[in-house]
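Below, each chain spelled out in residue letters.
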Amino acid sequence: MKITEMHVTPIAISDPPLLNAAGLHAPYALRTIVEIVADNGIYGLGEVPGSAATTAALEAAGEVVIGQDPFQLNAINAAIQQRLGPDGAANRDQTPWNPRRLTHIFSAVEVACFDLMGKAVGRPVCDLLGGRVRDRVPFSAYLFYKFKGAGGALGFGTDPNATGWAAARQKAALDPDGIVAEAQAMCDAFGFKSIKLKGGAMPPDEEADAILAMYEAFGPGTPLRLDPNAIWSMETAVRIGKRLEGVLEYYEDPVRGQEAMAEVGKAVTIPRATNMCTTSFDDIPGSVRLHSEDIILSDHHFWGGLRASIELARICRTFGRGLSMHSNSHAGISLAAMAHLAAATPNLTYACDTHYPWQSEEVIQGGRMQFDDGAIVVSGEPGLGIELDRQALAQLHEQYKACGLTARNDEVEMQKVQPGWQFMATRW
Ligand code: GKR
Ligand code: MG
């Protein structure tokens, strides 16, 4: 089997005005969709965080992917690396998301190849990753502080006819009551059993109050997580950590860097998790030496694909790290890939993150994927078990062209609402 075509399509999906340490989500989240077609007519799909640079890099990668056998992932990786050059330094310190280009590009291509391979042999992707250890992949409710509105256009318009979660997700959530209401609406709508609050947006004690309000509302049996995206000082992280001991399931990136995370671990008994200080295989020696975290949030987009994520899982098992999964705003191709990966990863024992409830548009046939009592039921269909909705893809590509965004920049979006606002590596 030979790859004969590779199509790269940037899309923009509506995203509400969600707040985080880096600022405010733009009205649209950018994703890039990759479709790889083989000489037998079978196609495979991949999806990664989008930007104009990602599109250009994927198009360049396409020049060397065409002609390859989709089963030869090592050869494809080597060819892409030769075409694009090696990854630069992760530079994770200054941005809340990971800019490693090669890792991203290969991840998109690799997932599309796995989809293709699965369709070619008539087996689901999880079977190609070692076989499923679970049929259902639990996800967590991912809460954000947010401004009122639905997103989709600057001005954060709301749809007066929205009902259910679509109505709830338009409401503002700027204090503990708002966060509890958001949590209840999201858990009611999707059945999630674990809850994560994206912090770093409000003064730390207010975020701790929101966690304590949820502990009160949901009871001690509900796993709670708080993620300030490394924007707190050591003093704040230790003080707030002490307030939340016995309450949080895990404390995600309270401070910046492996050394600082290790220091928090000496003072606070809550397990520490990261998707910011240990984000690549190069970071593993430092993680082990310092014990910078107890749990690593994997993400196939950022760790270099599905096979790399399985390798990460084994490293986590070897060095006594728990394993959870990180998310950004995404569509169904990513969600399907996350579900197959989690299904085939024995030690992925925490409910995975997903931003999916905050999005409303889809590129896959049949529309939005459904959560069943907080979980995605892993498809037994060949490949990822999804098909491309070509009309929706074309519409979301038009939306990409019309929206004018070329890269994620939450600081610029925040400045539209609060002139002069600036990202700070340590704010509180
Ligand atoms: O989308 O605002 C966001 C998140 O803050 C995202 O950028 C993070 O990468 O979800 C992520 C996290 O867990 O750090
Ligand atoms: Mg995080």
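For the structure itself, look to the data block above.
### Digging into the site of ligand 1
Line of reasoning, step 1. Close to ligand 1 lie 16 residues, the nearest being Asn20, His25, Tyr142, Lys196 and His326.
Line of reasoning, step 2. Residue histidine 326 places a side-chain N or O atom 2.8 Å away from an oxygen atom belonging to ligand 1.
Line of reasoning, step 3. Across the complex, the protein chains shield 100% of the 350 Å² of accessible surface that ligand 1 would expose by itself.
Line of reasoning, step 4. Of all the secondary structure elements, the ones that give two or more residues to the shell around ligand 1 are strand 7 (141-144) and strand 8 (195-198).
Line of reasoning, step 5. A domain-level breakdown of the shell around ligand 1 finds at least three residues from each of domain 1 (3-128 + 390-403) and domain 2 (136-377).

### Digging into the sheet that holds strand 12 (residues 295-298)
Line of reasoning, step 1. Strand order in the open sheet made by the 7 strands is 7-8-9-10-11-12-13, with parallel pairing throughout. Across the chains shown, the open sheet's two edge strands, defined by having one partner strand only, are strand 7 and strand 13 (322-325). Adjacent strand axes in the sheet meet at a mean angle of 25 degrees when their direction is disregarded.
Line of reasoning, step 2. Note that strand 9 (residues 224-227) and strand 10 (residues 250-252) share 2 bridges and pair parallel. Paired with arginine 225 across the strands is tyrosine 250, a residue of strand 10.
Line of reasoning, step 3. In the packing of helix 12 (residues 306-318) onto the sheet, contacts are made with strand 12 and strand 13, and the angle to strand 13 comes to roughly 150 degrees.

### Here we look at the state of the cysteines
Line of reasoning, step 1. Counted by the stated rule, this structure contains 0 disulfides.
Line of reasoning, step 2. Free of any disulfide, cysteine 126 has its nearest neighbouring cysteine sulfur in cysteine 352, separated by 14 Å.
Line of reasoning, step 3. Judged by its relative accessible area of 0%, cysteine 126 is buried.
Line of reasoning, step 4. Free cysteine: cysteine 187, not disulfide-bonded; nearest cysteine sulfur from cysteine 352 at 15 Å.

### Considering the coordination of the magnesium ion (ligand 2)
Geometry sets the ideal angles at a metal, namely 109.5 degrees for four tetrahedral donors and 90 or 180 degrees for six octahedral donors.
Line of reasoning, step 1. Coordination of the magnesium ion (ligand 2) by the protein involves Asp227 (OD), Glu252 (OE) and Asn275 (OD1), with metal-donor separations of 2.0 to 2.2 Å.
Line of reasoning, step 2. Mapped onto the sequence, the residues coordinating the magnesium ion (ligand 2) show the spacing D-x24-E-x22-N. In this pair, glutamate 252 is assigned in strand 10 and asparagine 275 in the loop between strand 11 (272-274) and helix 10 (284-290), connecting sequence segments 23 residues apart.
Line of reasoning, step 3. Take asparagine 275: its relative accessible area is 6%, and that puts it in the buried class.

### Looking at the packing of aromatic side chains
Line of reasoning, step 1. The tally for this structure, following the rule as stated, stands at 13 aromatic pairs.
Line of reasoning, step 2. Between the aromatic rings of phenylalanine 144 and tryptophan 358, the centroid separation amounts to 6.1 Å while the plane-to-plane angle is 85 degrees, which identifies the pairing as edge-to-face. Taken together, the positions of phenylalanine 144 in strand 7 and tryptophan 358 in the loop between helix 13 (332-343) and strand 14 (375-377) put the pair 214 residues apart, joining distant regions of the chain. In this structure, phenylalanine 144 and tryptophan 358 share a single accessibility class: buried.
Line of reasoning, step 3. Grouping aromatic residues by their ring pairs yields a cluster made of Phe139, Tyr142, Phe144, Trp165, Phe190, Phe192, Tyr356, Trp358 and Phe371.
Line of reasoning, step 4. Its end group placed over the ring of tyrosine 43, lysine 119 keeps NZ or CZ at 4.0 Å from the ring centre.
Line of reasoning, step 5. When the ring centre of tryptophan 428 is taken as reference, the NZ or CZ atom of arginine 427 above it lies at 5.9 Å.

Cut-off values and rules
Within any chain, residue numbers begin from 1 and follow the written order of that chain's sequence. Chain A is the first chain written and ligand 1 is the first ligand written, with later ones labelled in order. Reporting of local features is limited, given that this is a predicted model, to residues whose pLDDT is at least 70; pairs of side-chain atoms are given and counted only at 80 or more, and all residues count toward the totals for whole chains, interfaces and linings. Excluding hydrogens and water, the side-chain values take into account all heavy atoms of the structure. A molecule or strand has a residue near it when one of that residue's heavy atoms lies within 4 Å. Between N or O atoms, a polar contact is any pair within 3.5 Å; within protein, one atom must be a potential hydrogen donor and the other a potential acceptor, and residues adjacent in sequence are included only when both atoms are from side chains. Where accessible areas are quoted, they stem from the Shrake-Rupley method and a 1.4 Å probe; at the residue level, only the protein chains shown are allowed to cover. The numbering of helices and of strands both runs from the N terminus, where a helix is a DSSP run of H or I of at least 4 residues and a strand a run of E of at least 2. Domain delimitation follows an automatic or database domain assignment. When DSSP finds two or more bridges between a pair of strands, those strands are recorded as paired. Angles shown run from 0 to 180 degrees and are taken between the N-to-C directions of axes, each axis being a line fitted to C-alpha atoms and, for helices, limited to the stretch in contact. Contacts: residue pairs with any heavy atoms within 4.5 Å of one another. The disulfide criterion is simple: two cysteine sulfur atoms within 2.5 Å. Burial status follows relative accessibility: with a 1.4 Å probe on protein chains alone, a residue under 20% of its type maximum counts as buried, one over 50% as exposed, and anything between as partly exposed. Because water is not among the atoms used, a metal site may look incomplete, as its donors are only the N, O and S atoms within 2.8 Å, or 3.2 Å for Na, K and Ca. Stacked, tilted and edge-to-face are the three classes applied to pairs of Phe, Tyr and Trp rings, where Trp contributes its six-membered ring and a pair requires centres within 6.5 Å; stacked means planes under 30 degrees apart, edge-to-face means over 60, and tilted covers the rest. Two conditions define a charge located above a ring, namely a distance within 6 Å from the ring centre to NZ of Lys or CZ of Arg, and an angle within 35 degrees of the ring normal.

These results come straight from atomic positions and should not be treated as a statement about function.
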